[in-house]
4 protein chains.
Amino acid sequence: MADLDELRIRIRQFAEARDWDQYHAPKNLAMALIVEAAELVEHFQWLSEAQSQALAPEKLAQVAEELADIQIYLIRIADKLNVDLLDAVDKKIAVNAKKYPADKVRGSAKKYNEF
Amino acid sequence: MADLDELRIRIRQFAEARDWDQYHAPKNLAMALIVEAAELVEHFQWLSEAQSQALAPEKLAQVAEELADIQIYLIRIADKLNVDLLDAVDKKIAVNAKKYPADKVRGSAKKYNEF
Amino acid sequence: MADLDELRIRIRQFAEARDWDQYHAPKNLAMALIVEAAELVEHFQWLSEAQSQALAPEKLAQVAEELADIQIYLIRIADKLNVDLLDAVDKKIAVNAKKYPADKVRGSAKKYNEF
Amino acid sequence: MADLDELRIRIRQFAEARDWDQYHAPKNLAMALIVEAAELVEHFQWLSEAQSQALAPEKLAQVAEELADIQIYLIRIADKLNVDLLDAVDKKIAVNAKKYPADKVRGSAKKYNEF
């Protein structure tokens, strides 16, 4: 089974084999990433919240592809910036746990509800 | 060291402990994800491509936090949809390898250059 | 009362007076525009559809500011590209009217429901 | 020649004739707007800043259509929220003029350079 680090190397080799590294400035990759994020949003824009949680199999497969595209660009930009994604997430969860203490924010989306 | 699956469980528990699960319809999470993607884009919008590859340490730390935020929402939405992120990426790389054969697209961003 | 063309001139002068024109490549302005669009999305991400239609006055004032920011960057990028916004909208509505005939798509968001 | 207010009425009638008003909660329209903004960004993601200012006629026509799509959704969401777009822009420019005094921020994109 693939792990994030192995995927990082494969994505890097994929870009190098196509001589695409020249286009992969973080600025450009951030643009590509948000374009993929918008393709995800597009699947949900006219659905109710409930419908978005109960996708038909074909639609779910399309959504999974968008999630993969976002993950690929996220891995790629982190690689170009020498950021360890898992480590960054690990630290951010700790920051969030302090910022949003469970006993104070329970059930409130008004001021909190952000990771 | 954390892996993606362990982070998935921690993020799920984080949301449950705050009773946020009620807000985490995939529709809403997709919105939250693109908002984080835009915060990444904002760091780069007035920089040249070269500048975006050579960030000062403080700026890089901020960018790493945005990458973490995107990763967290990506893990969360995949969890809510029962999508295996690493498996989805694995498959998408294979699809892309067929779609963009290295020997045909080398160095061209015009029609190709997409993961 | 201001019209779009007068605003276009004022926004142009605003940028020139600050020597910002050098940063206003369409690429960069497109990034700035989507960042503002995300600030709009952020206001709505945890609201239900019904709540999003019934904003409190203070929240509505903040949303109106985001709409203004999007409009400003839209005017600016159109100006830099010599695109007449109102004319482009006029033409696009005509295209859409052909693409989505009212008698065929009534009430369906599945395949249609796009301007 | 069309003005913004006339377009607002035409876009409203367009939606009503297709019974789409039911889908046009501001939450959903904000999603649709950012999707169109991303289609604009996509045109520029692999271009240099200089290339983005010198588009070929065919590409420019496509970009103009994206600008129109963004403008249409912006008009639509403002209409649903009873926000006067031109008035909001007029006020925001005044706010920005105070926030970014021309004599203090000239040529600096570091802390300023935002409308």
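Quick summary incoming for the structure in this document.

Thresholds, definitions, all that
- Residues numbered from 1 in each chain as written.
- Chains lettered and ligands numbered in written order.
- Predicted model: local features only at pLDDT ≥ 70, side-chain atom pairs only at ≥ 80, totals over all residues.
- Heavy atoms only, no water.
- Least-squares fit on C-alpha atoms with pLDDT ≥ 70 in both.
- Contact = heavy atoms within 4.5 Å.
- Buried area = accessible area lost by both parts, 1.4 Å probe.
- Salt bridge = Lys/Arg side-chain N within 4 Å of Asp/Glu carboxyl O.
- Polar contact = N/O pair within 3.5 Å; in protein donor to acceptor, adjacent residues only side chain to side chain.
- Helix = DSSP H or I, 4+ residues; strand = E, 2+ residues; numbered from the N terminus.
- Nonpolar A, V, L, I, M, F, W, Y, C, P; charged D, E, K, R; others polar.
- Core = buried A, V, L, I, M, F, W, Y, C linked by side-chain atoms within 4.5 Å.
- Buried < 20%, exposed > 50% of the residue type's maximum accessible area, 1.4 Å probe, protein only.
- Domains from an automatic or database assignment.
- Expected span 1.5 Å × (residues − 1).
- Arc of directions from axis to C-beta.

When chain C is fitted onto chain D, the two copies agree to an RMSD of 0.0 Å after a turn of 180° and an axial shift of 0.0 Å. In the structure described here, the two chain copies are related by an operation that fits a two-fold rotation axis. Scanning chain C for the C-alpha nearest the rotation axis identifies Ile34 of chain C, at a separation of 3.3 Å. Looking at chain C, 100% of its interface residues are interface residues in chain D too, so the copies touch through the same face.

With 77 residues of chain B at the interface, the matching set in chain A holds 76 residues. Buried surface at the junction of chain B and chain A, summed over both partners, amounts to about 6,800 Å²; 69% is from carbon and sulfur atoms. In this assembly, chain B and chain A are joined by six salt bridges. Lys92 of chain B is paired through a salt bridge with Asp69 of chain A; the nearest N and O atoms lie 2.5 Å apart. Put simply, chain B and chain A have 21 residue pairs in polar contact (both at pLDDT 80 or more) between them. For the side of chain B that touches chain A, the secondary-structure elements that each account for two or more residues are α1 (4–17), α2 (26–44), α3 (49–52), α4 (57–80), α5 (85–99) and α6 (102–105) of chain B. When its residues are assigned to classes, the side of chain B that touches chain A shows 48 nonpolar, 12 polar and 17 charged.

For the rest of this paragraph, the subject is the relation of the copies chain B and chain A. Structural alignment of chain B on chain A gives an RMSD of 0.0 Å, achieved by rotating through 180° and translating 0.0 Å along the axis. Here 99% of the interface residues in chain B have copies in chain A that are interface residues too; the copies meet face to matching face.

What follows concerns the nonpolar core. Ranked by internal contacts, the top residues of the largest apolar core, which has 172 residues, are Phe44 of chain A, Phe44 of chain B, Phe44 of chain C together with Phe44 of chain D. Built from parts of two domains, this core gets at least three residues from each of domain 1 (4–83) and domain 2 (84–115) of chain C. Those residues within four positions of Phe44 of chain D in sequence are excluded, and the remaining contacts are Met31 of chain A, Pro26, Lys27, Ala30, Ile77 and Leu81 of chain C together with Ser52, Leu55 and Val63 of chain D.

So, about helix α2 (residues 26–44) of chain C. The terminal C-alpha atoms of α2 of chain C, which comprises 19 residues, lie 27 Å apart, in line with the 27 Å expected from a rise of 1.5 Å per residue. With 17 of 19 residues buried, α2 of chain C is to be regarded as a mostly interior element.

Between the first and last C-alpha of helix α1 (residues 4–17) of chain C there are 20 Å, a value that for 14 residues agrees with the 20 Å anticipated at 1.5 Å per step. Burial in α1 of chain C covers these residues: Leu4, Leu7, Ile11, Phe14 and Ala15 of chain C. Seen from one end, α1 of chain C has its buried residues packed into an arc of 95°, which puts them on one side. In this structure, the buried residues of α1 of chain C make contact with α4 (57–80) and α5 (85–99) of chain C together with α1 (4–17) and α5 (85–99) of chain D. In the stretch just after α1 of chain C, Asp19 of chain C is the one whose phi turns positive, near 60°.

This brings us to the interface of chain C and chain D. At the interface, 77 residues of chain C touch 77 residues of chain D. Counting across the interface, chain C meets chain D through six salt bridges. The interface formed by chain C and chain D contains 21 residue pairs in polar contact (both at pLDDT 80 or more). Sorting the residues of the side of chain C that touches chain D by element identifies α1, α2, α3 (49–52), α4, α5 and α6 (102–105) of chain C as the ones contributing at least two each. No other element matches the 16 residues that α4 of chain C contributes to the side of chain C that touches chain D. By residue class, the composition of the side of chain C that touches chain D is 48 nonpolar, 12 polar and 17 charged.

Right, let's talk about unusual backbone geometry for a bit. Notably, Asp19 of chain A is not glycine yet its phi reads approximately 60°, a positive angle. Positionally, Asp19 of chain A belongs in the loop between α1 (4–17) and α2 (26–44).

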